[in-house]
Amino acid sequence: MQNTIKVHQFIEFSLSQFREKIENILEGEVISICGHIDQGLDDMIRRDIEFLKKQKGELSKRLVVMIATPGGFVEVAERICRVFRHNFEIVDFIVPNHAYSAGTVLVLSGDNIYMDYHSVLGPIDPYFRNDEGQWIRGAGYLRQYDELIKESKERDLSDAELLFLIKNFDPADMFAVKQAMERSKELIKKWLVEYKFKNWAKTETKKKDVTLEMKQERAESIAEILGSISRWHSHGYSIPMRELRDGDIHLAINDYGEKEELSENIRRYGSLLDGHHYKRNTRCALHSANGFTRLIQ
């Protein structure tokens, strides 16, 4: 037991070293989120930042959030964004590996996004928990239901298929998923205009003045693309930096892979934190200058 404690202490000391190096390079407070964007994470982040402010007296104007998440509840992501923006003027995101679903929505609330060739975002596909406590991917859930309903119009379903339909598809869950998908789109439209596009003054090729209407149209286009079930098919579809930058999404991304020192510290910090998070049996975890905080499975 004592050796285990010493190992955890050594790992958390190493995590702090990497975090401080990234803070010095990017000149901001650094916190890291691992795991599901689950109920309670928003409160944990609020307490952590408020305690950090009390300890330091004054925080940097910039917050840098490193995030690795399979997704979660979009309403929790919305509350997390509110906490960030209440306490910091600038909020940047680093995605060393992946940020799916509600994680993608949260990342798109950033002023700047840092990725490299290995990093990915994902389509809008809200998670929810069924009665057994299992995480269900919303878009796949709706797609399966729609396919069964379509088949029922073309042929008589078997007793087994009817039982499956009745047992596994709850109208309340389907309504909640559709509402979460629409809310995700609305947040992306709002946050991109308010934060990511706030300094977008000229178009890239023709150097025309960028109007508010142009920003709103671009944000709506990105939200609709990311929310297209028919396009992405899968919750886990990985959209790499190159596709985000150069495809029809056309989103400005900072490639941290071009900066050797920053890249090395992000990779080491992210890898160590990810492993520590899973070994400590957490559903989500937070690391900051206050140390490692976790929500247990």
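Presented here is an overview of the structure given in this document. Predicted model, so just to flag it, every value in this text is computed and none were measured. (Residues numbered from 1 in each chain as written. Predicted model: local features only at pLDDT ≥ 70, side-chain atom pairs only at ≥ 80, totals over all residues. Heavy atoms only, no water.)

### Details of the side chain of Thr 104
Here is the rule: Under the scheme used here, helices are H or I runs from DSSP no shorter than 4 residues and strands are E runs no shorter than 2 residues, and both carry numbers assigned from the N terminus. Definition of a polar contact: a pair of N or O atoms within 3.5 Å, with one able to donate and the other able to accept a hydrogen when the atoms are protein atoms, and with sequence-neighbouring residues admitted only if both atoms are side-chain atoms.
Note that Thr 104 resides in helix α4 (residues 102–107). Among the polar contacts listed, one links the side chain of Thr 104 to the backbone nitrogen of Gly 122, at a separation of 2.9 Å.

### Considerations on the pairing of strand β11 (residues 282–288)
For a regular strand, side-chain orientation follows a simple rule: the groups alternate between the two sheet faces. Note the threshold: Buried, partly exposed and exposed residues are distinguished by accessible area as a fraction of the type maximum, computed with a 1.4 Å probe on protein chains only: under 20%, between the cut-offs, and over 50%, respectively. When DSSP locates at least two bridges between a pair of strands, those strands are taken to pair.
The element β11 is extensively covered by neighbouring structure, given that 6 of its 7 residues are classed as buried. Pairing of strand β1 (residues 29–35) with β11 involves 4 bridges; the strand directions are antiparallel. Bridge pairing in β11 links Cys 34 to Ala 285.

### A word on the nonpolar core
Convention followed: Side-chain atoms within 4.5 Å are what join buried Ala, Val, Leu, Ile, Met, Phe, Trp, Tyr and Cys residues into a set we call a nonpolar core. Note on contacts: a residue pair is in contact if any heavy atoms of the two residues lie within 4.5 Å.
The biggest cluster of nonpolar side chains holds 55 residues, and the ones touching the most others in it are Leu 41, Ile 45, Phe 84, Ile 188 and Leu 251. Ignoring sequence-local partners within four residues, the contact set of Leu 251 consists of Leu 108, Ile 113, Leu 192, Lys 196, Phe 197, Ile 222, Leu 244 and Arg 245. Counting residues in each nonpolar core, the second largest holds 18 residues, with Ile 11, Leu 15, Ile 94 and Tyr 114 among its members.

### Let's talk about the state of the cysteines
Put simply, the rule is: Throughout, a disulfide means two cysteine sulfur atoms within 2.5 Å of one another.
Tallied over the full model, the rule gives 0 disulfides. No disulfide involves Cys 34; its sulfur sits 9.8 Å from the nearest other cysteine sulfur, which is in Cys 284.

### Remarks on the packing of helix α2 (residues 41–56) against helix α3 (residues 74–87)
The following threshold applies: Between the N-to-C directions of two axes lies an angle of 0 to 180 degrees, each axis being a line fitted to C-alpha atoms and, for a helix, fitted only over the stretch in contact. Any angle from 65 to 115 degrees is called roughly perpendicular, while one under 35 is roughly parallel, one over 145 is roughly antiparallel, and all others are oblique. Throughout, a crossing is termed right-handed when the near helix is turned clockwise from the far one, and left-handed when it is turned anticlockwise from it by less than a right angle. Throughout, the ten residues Ala, Val, Leu, Ile, Met, Phe, Trp, Tyr, Cys and Pro are labelled nonpolar, Asp, Glu, Lys and Arg are labelled charged, and all others, Gly among them, are labelled polar.
Between α2 and α3, the shortest axis-to-axis distance is 9 Å and the interhelical angle comes to 10 degrees. One finds that α2 runs roughly parallel with respect to α3. Crossing hand, α2 versus α3: right-handed. In this structure, α2 uses Leu 41, Asp 42, Asp 43, Ile 45, Arg 46, Ile 49 and Lys 53 to contact α3, whose residues at the interface are Val 76, Arg 79, Ile 80, Val 83, Phe 84 and Asn 87. Residue composition of the contact of α2 with α3, by class: 7 nonpolar, 1 polar and 5 charged.

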